[in-house]
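Secondary and tertiary structure notes
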Amino acid sequence: MSDDSRTENVVKTFIESCSDVDLQQRIKFYDQWAETYEQDHKLLGYSAPHQMVDFLNANFSGSREEVLVLDVACGSGWVTKLMTELGFRKFVGVDGSKGMLEQAAKTGLYQDLRQVLLGTEPLLGQTDAFDVVMIVGALRDGFVPVSAVRELCYAAKPGGYVCMSRVDLKSESGAKYKACLEKELQLMEDEGLWTHVISQEMNRYMINVYNDRKDQHDDQYLYGTMYLYRKALH
Ligand SMILES: C[S@@+](CC[C@H](N)C(=O)[O-])C[C@H]1O[C@@H](n2cnc3c(N)ncnc32)[C@H](O)[C@@H]1O
């Protein structure tokens, strides 16, 4: 249900209140946030799910009805909802927050939903299982650690796709995360685990709620990058 008390400033203050917390506290924050998460993100012009689903759709070849999708850090199920509009039908979701998983369950779109806190426990027991692995809005410092990216690749079937978004944050830890992530993506390619299909800059990821960290574009938005990799066949 929509909550009229939510305004852009209320949401910004709410987000600022959890800017410097550890992972466990962040997950508790998402538990509390779950019910108004989508409403609040719409107020902030959060467009990552839309941009990522369009990005995958433009670069994906395969039968959308048949493929099995793993939605990592699925949150309320926003990405999966958009994918169903494009004909994708089979989904498994994973998130660290019970509250967010409860919202995702309400969509009725997932075959299975699992509570997994990446970085502290393994993604899933399944390897070579998914045709598409999506992760949107969670590859950043303080959220899903770079070490979990390998697990996304292991979860994909040989020849399957791994589609990832990263928000650009200008803080020192944000810049460090970016460098670490891009190093790992390249290392995994060098190891023959996957091949890079395409990367694309994101346009206006969402309103910059971190006012002290102005983006290079010098406007009120955050930006980011989308990456698509294809797992090796052998
Ligand atoms: C910004 S939301 C993105 C949700 C959804 N993908 C979307 O784009 O709307 C970030 C999500 O990542 C989850 N998350 C953050 N760190 C995580 C971790 N280490 N393991 C599992 N989930 C995590 C949060 O619980 C939250 O649901």
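A brief report on the enclosed structure follows. Everything numeric here is computed off the predicted structure, so don't read it as measured data.

Conventions used here
- Residues numbered from 1 in each chain as written.
- Predicted model: local features only at pLDDT ≥ 70, side-chain atom pairs only at ≥ 80, totals over all residues.
- Heavy atoms only, no water.
- Pairing = 2+ DSSP bridges.
- Helix = DSSP H or I, 4+ residues; strand = E, 2+ residues; numbered from the N terminus.
- Right-handed = clockwise from strand over helix to strand, strands pointing away.
- Salt bridge = Lys/Arg side-chain N within 4 Å of Asp/Glu carboxyl O.
- Buried < 20%, exposed > 50% of the residue type's maximum accessible area, 1.4 Å probe, protein only.
- Axes fitted to C-alpha atoms, helices over the stretch in contact; angles between N-to-C directions.
- Parallel < 35°, antiparallel > 145°, perpendicular 65-115°, else oblique.
- Left-handed = near helix turned anticlockwise from the far one by under 90°.
- Contact = heavy atoms within 4.5 Å.
- Nonpolar A, V, L, I, M, F, W, Y, C, P; charged D, E, K, R; others polar.
- Expected span 1.5 Å × (residues − 1).
- Arc of directions from axis to C-beta.
- Near = heavy atom within 4 Å.
- Polar contact = N/O pair within 3.5 Å; in protein donor to acceptor, adjacent residues only side chain to side chain.
- Areas by Shrake-Rupley, 256 points an atom, 1.4 Å probe, with all protein chains shown as cover.

**Some thoughts on the pairing of strand β3 (residues 112–115)**
Pairing analysis gives 4 bridges linking strand β2 (residues 90–95) to β3, with the strands arranged parallel. Note on β3: the bridge partner recorded for G93 is L113. As a crossover connection, the stretch from β2 through helix α6 (residues 98–106) into β3 is right-handed.

**Re the pattern of salt bridges**
As enumerated under the stated definition, the model contains 12 salt bridges in all. Between D112 and R114 there is a salt bridge; the shortest N-O distance is 3.0 Å. One continuous salt-bridge network, built from bridges that share partners, spans R166, D168, K170 and E182.

**Thoughts on the pairing of β2**
Burial within β2 is extensive, with 5 of its 6 residues counted as buried. As paired strands, strand β1 (residues 68–72) and β2 are joined by 5 bridges and run parallel to one another. Looking at the pairing, L70 lines up with V92 of β2. At this point the chain moves from β1, through helix α5 (residues 78–85), to the parallel β2, and the crossover so formed is right-handed.

**Regarding the packing of helix α4 (residues 48–59) against α5**
Packing of α4 against α5 brings their axes to within 9 Å, and their N-to-C directions diverge by 45°. By the angle between their directions, the pair α4 and α5 is classed as oblique. Handedness of the α4/α5 crossing: right-handed. For the pair α4 and α5, the contacting residues are P49, H50, V53 and L56 in the first and W78, V79, L82 and M83 in the second. Taken together, the residues of the contact of α4 with α5 sort by class into 7 nonpolar, 1 polar and no charged.

**Quick look at helix α8 (residues 172–190)**
For α8, spanning 19 residues, the distance from its first C-alpha to its last is 27 Å, which sits close to the expected 27 Å at 1.5 Å a residue. Among all positions of α8, only G174, Y177, L181, E184, L185 and M188 are buried. Buried residues along α8 cover an arc of 100° about the axis, so they all sit on one side. Projecting away from the buried face of α8 at angles above 90 degrees are the exposed residues E172, K176, K183 and D190. The secondary structure elements touched by the buried residues of α8 are β4 (130–139), α7 (149–155), β5 (156–167), β6 (194–207) and β7 (221–231). Looking one or two residues beyond α8, the residue adopting positive phi is G192, at roughly 80°.

**Structural notes on the site of the ligand**
With respect to spatial proximity, 22 residues lie near the ligand, and among them Y37, Y46, A73, D95 and V136 are the closest. The contact in question runs from a nitrogen atom of the ligand to an N or O atom on the backbone of L118, over 2.9 Å. Here the ligand has 600 Å² of accessible area as a free molecule, and 98% of this is covered by the chains. At the level of secondary structure, the elements contributing two or more residues to the shell around the ligand comprise α2 (23–33) and β4. Split by residue class, the shell around the ligand holds 17 nonpolar, 4 polar and 1 charged.

**Side note on the sheet that holds β1**
If you trace the 7 strands from one edge of the open sheet to the other, you get β3-β2-β1-β4-β5-β7-β6, paired in mixed fashion. The sheet is open, and its two borders are formed by β3 and β6, each paired with just one other strand. Between one strand and the next, the sheet's axes are offset by a mean angle of 15°, whatever the strand orientation.

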